[in-house]
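# Observations on the model geometry
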Amino acid sequence: MAAAPKSLRRRWALLVVTLLAVVAAAVAQDYGDDEEEDEKKKPQYKAQEACNGVFQSYTFMERTKEYPHLKNATAQPYAFKATATVLNTMTEDLKAWQLFVGFQHKEILVSVGGAVLLDGSDFPANASGGVTFAGYPMADLLNSIETAGEMSLIESKIEITGTQFGVKDPGTPMPKTIKLTNPAGFRCPAPTRKGSVMYACCVKDRKFKAKKANSTRFQTRQKADLTFAYDVLQATTNNYQVQVTIDNWSPISRLDNWNLTWEWKRGEFIYSMKGAYTLLKEGPACIYSPAAGYYKDLDFTPVYNCEKRPVIVDLPPEREKDNAVGNVPYCCKNGTLLPPTMDPSKSRAMFQMQVFKMPPDLNRTALYPPQSWKISGKLNPQYTCGQPIRVSPQEFPDPTGLLSSTPAVASWQVACNITRPKKRASKCCVSFSAFYNDSVVPCNTCACGCGNDTATCDPDARAMLLPPEALLIPFENRMAKARAWAKIKHWRVPNPMPCGDSCGLSINWHVINNYKSGWSVRMTIFNWQDYTFKDWFAAVTMGDHYSGYENVYSFNGTRMDAPFNNTIFMQGIQGLTYLEPITDGKSSADPRVPGKQQSVISFERKDAPNINIGKGEGFPKRVYFDGEECALPDRIPKVNSAHRRAGAPSLGQVAMAAALVMAVALLDSVRL
């Protein structure tokens, strides 16, 4: 074979060299790009690689300006997207992880993927003060050793979409902080911020003495003011039988006419119930639901509810032995849960459900409880509930009466704690008065909300002092008395007048006297609603002078133990456990008359010799009615100059106190 021409060989050599140069340049360019990209992420990855605990990060992705477009930069809304991650880098599992993100730009969360809000708030949710995320559906993060480093099992990603305000371009709106909020046992440093990324590594606290380790992956049951137990009793491929138990543990909380709601996250629906029922029984409407598209041959007529957020209520007592809907232990009390200190048998409620599942959860072990539990009542505390945590299966006694027990298929617990009501969000209020001042400090303006009357009244004006007899009539009838009293006292009358307190229940705390060996008060409860409070109770937390408490005369009164130190628990005596509703006056021209009860409470000085009644030390620090914390006035009655030197009440003071008692007695006689 003849050799190729010399010029051809040169051309081939040149071509090969050119190709090699191009490939080398491309490789070098790729390597440079990767190196540059890695360099950008290097600080975060270095911290992640060095973390032996729980690594959290928050990455701001993007944002766009929303309508309306405003010149005021701080009021301009932006739609934003961000991603948060929780990575378990320990040698042990992380159970029920919780991540707090300290938002600070008036954020409103619209949707969240890979997690739920711990407090169960509905979307859109106000997150301006920060929010805590809880894992769902993956509440636990396994360790890398036992999963061969499978990222889907050791890491959770939270996709966040929402609205935020302010921070002009090119600024990057980041939260104040991120931290793990799991129970004690972790130490979390201040997060590190690099541009649009924030990260931190929480490590186990070596000084923390953990309880004896559980031999299973289940968590220990929590202590709380109120708990729910979600116990699966039977499970098949496409449905399961579950029992829900509500336990009231707080000695000063209760529920009346409770309404329970939650959110189904995986398309479940309630086929049947016993011991409770849903306010909307929508079997026929379920025909148009996604569930009906899958269960084509199922009769949806008897289905209880297909709502994503059903509202569940208790049955009345007369249905307790009903074979169709009753016959469940602790059911059927009209939604009343008393404190265990009053009646342990009435501090628990229970009901059962048959729940149908949807794909892809069609196997016996695919069991997921509903999320975002909320419970409320007529006049009760405000509860904040956590998300369900997996606990060891509850054991039930054998129904045949044998000594053996049967465990549940699976069990979850939801823990709820009482939160103090926000300003103007109480359901009851307190007024203050004393023998040394002839005016009453009423409930604060809009103490329980302003209602819809702010067009004719001032919601920001301070409540006007009142004559004692004004407490016995509804607020709408107090205006004339308030004006007349201000005229007598030469006080300025605001225009418009302050709005009412809008409270359906009020309590007056009146210091009756102050003598050498002790002092006493009169507590009067007014019911302004068309509702009877059955088995009512009240609790009053005093200051350091609580040790002088002697007796309650017309109520049953007892001292409470920790954690409610310095607190007096009171309830109606036999025959007076009902607080009657408001009734009409003797004629149409007369104001309505509230239901009321009152009692004198006495204190001794021997255990509290330094108490100064004239400086307002005879007034409570907190007052509760049926578990709801009542709003207190923003001031206390001042000592009139005529009483500054007097140690005992004068004749005029005694006469004023007697006049109020006589007024109450007169109204009682009118009602009779």
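Everything numeric here is computed off the predicted structure, so don't read it as measured data.

Turning our attention to the overall build of the chain. Looking only at helices and strands, the chain features five helices and 38 strands. Excluding contacts between residues fewer than 6 apart, the proportion of contacts in the chain whose partners are at least 24 apart in sequence is 71%. Taken as a whole, the chain presents about 34,700 Å² of accessible surface, with 54% of it coming from carbon and sulfur.

Time to look at the side chain of R254. By the element assignment, R254 lies in the loop between β14 (239-248) and β15 (259-263). Taking relative accessible area as the criterion, R254 reaches 0% and is therefore assigned buried. Side-chain polar atoms of R254 contact the backbone oxygen of K534, separated by 3.0 Å.

It is worth spelling out the sheet that holds strand β5 (residues 115-117) at this point. Whether parallel or antiparallel, the strands of a sheet pair through hydrogen bonds between backbone atoms. Strand order across the open sheet formed by four strands is β5-β7-β3-β9, with antiparallel pairing between neighbours. Whereas interior strands pair on both sides, the edge strands pair on one side only; in this sheet they are β5 and β9 (178-180). Across the sheet, the mean angle from the axis of one strand to that of its neighbour is 30°, orientation sign disregarded. Relative to strand β7 (residues 131-135), β5 is paired through three bridges, and the arrangement is antiparallel. When the sheet's bridge partners are listed, V116 is paired in β7 with A134.

What follows concerns helix α4 (residues 479-489). Restricting attention to buried positions, one finds in α4 the residues A482, W485 and A486. Seen end-on, α4 carries its buried residues on one side only, within an arc spanning 100°. Exposed residues lying more than 90 degrees from the buried face of α4 are A480, K487 and I488. Looking at the buried residues of α4, the elements they touch are β27 (437-441). H490 sits one or two positions beyond α4 and adopts a positive phi of about 60°.

For the rest of this paragraph, the subject is the sheet that holds strand β34 (residues 567-572). Pairing is antiparallel across the open sheet formed by five strands, whose spatial order is β33-β34-β31-β37-β38. Of all strands in the sheet, those with a lone pairing partner are β33 (555-559) and β38 (628-629), marking the two edges. Here strand β37 (residues 622-625) runs beside β38; their pairing, made up of two bridges, is antiparallel. Each bridged residue has a counterpart across the sheet, and for F625 the counterpart in β38 is E628.

Take the layout of surface pockets next. In this structure, the second largest pocket encloses a volume near 620 Å³. For the lining of the second largest pocket, the elements supplying multiple residues, two or more each, are β6 (125-126), β7, β20 (371-376) and β21 (382-385). Here the lining of the second largest pocket is composed, by residue class, of 12 nonpolar, 11 polar and five charged. Residues from two domains meet in the lining of the second largest pocket; each of domain 1 (46-204) and domain 2 (226-419) gives at least three.

A few words on the state of the cysteines. Each disulfide is one covalent bond, formed between the sulfur atoms of two cysteines. Under the criterion given, the structure shown has 10 disulfides. With its sulfur 2.0 Å from that of its partner, C428 forms a disulfide with C630. Across the S-S bond of C428 and C630 the torsion is about -95°, and the bridge reads as left-handed. Linking C428 in strand β26 (residues 428-434) with C630 in the loop between β38 and α5 (651-671), this pair joins segments that are 202 residues apart in sequence. The exposure class assigned to C428 is buried, which follows from its relative accessible area of 0%.

Rules and cut-offs
- Residues numbered from 1 in each chain as written.
- Predicted model: local features only at pLDDT ≥ 70, side-chain atom pairs only at ≥ 80, totals over all residues.
- Heavy atoms only, no water.
- Helix = DSSP H or I, 4+ residues; strand = E, 2+ residues; numbered from the N terminus.
- Contact = heavy atoms within 4.5 Å.
- Areas by Shrake-Rupley, 256 points an atom, 1.4 Å probe, with all protein chains shown as cover.
- Buried < 20%, exposed > 50% of the residue type's maximum accessible area, 1.4 Å probe, protein only.
- Polar contact = N/O pair within 3.5 Å; in protein donor to acceptor, adjacent residues only side chain to side chain.
- Pairing = 2+ DSSP bridges.
- Axes fitted to C-alpha atoms, helices over the stretch in contact; angles between N-to-C directions.
- Arc of directions from axis to C-beta.
- 1 Å grid on protein atoms, 1.4 Å probe; cavity = no way out; pocket = protein on both sides within 12 Å on 5 of 7 lines; lining within 4 Å.
- Points joined across faces, edges and corners; volume = space filled by probe spheres on them.
- Nonpolar A, V, L, I, M, F, W, Y, C, P; charged D, E, K, R; others polar.
- Domains from an automatic or database assignment.
- Disulfide = S-S within 2.5 Å.

Honestly, it's all geometry; don't read function into it.
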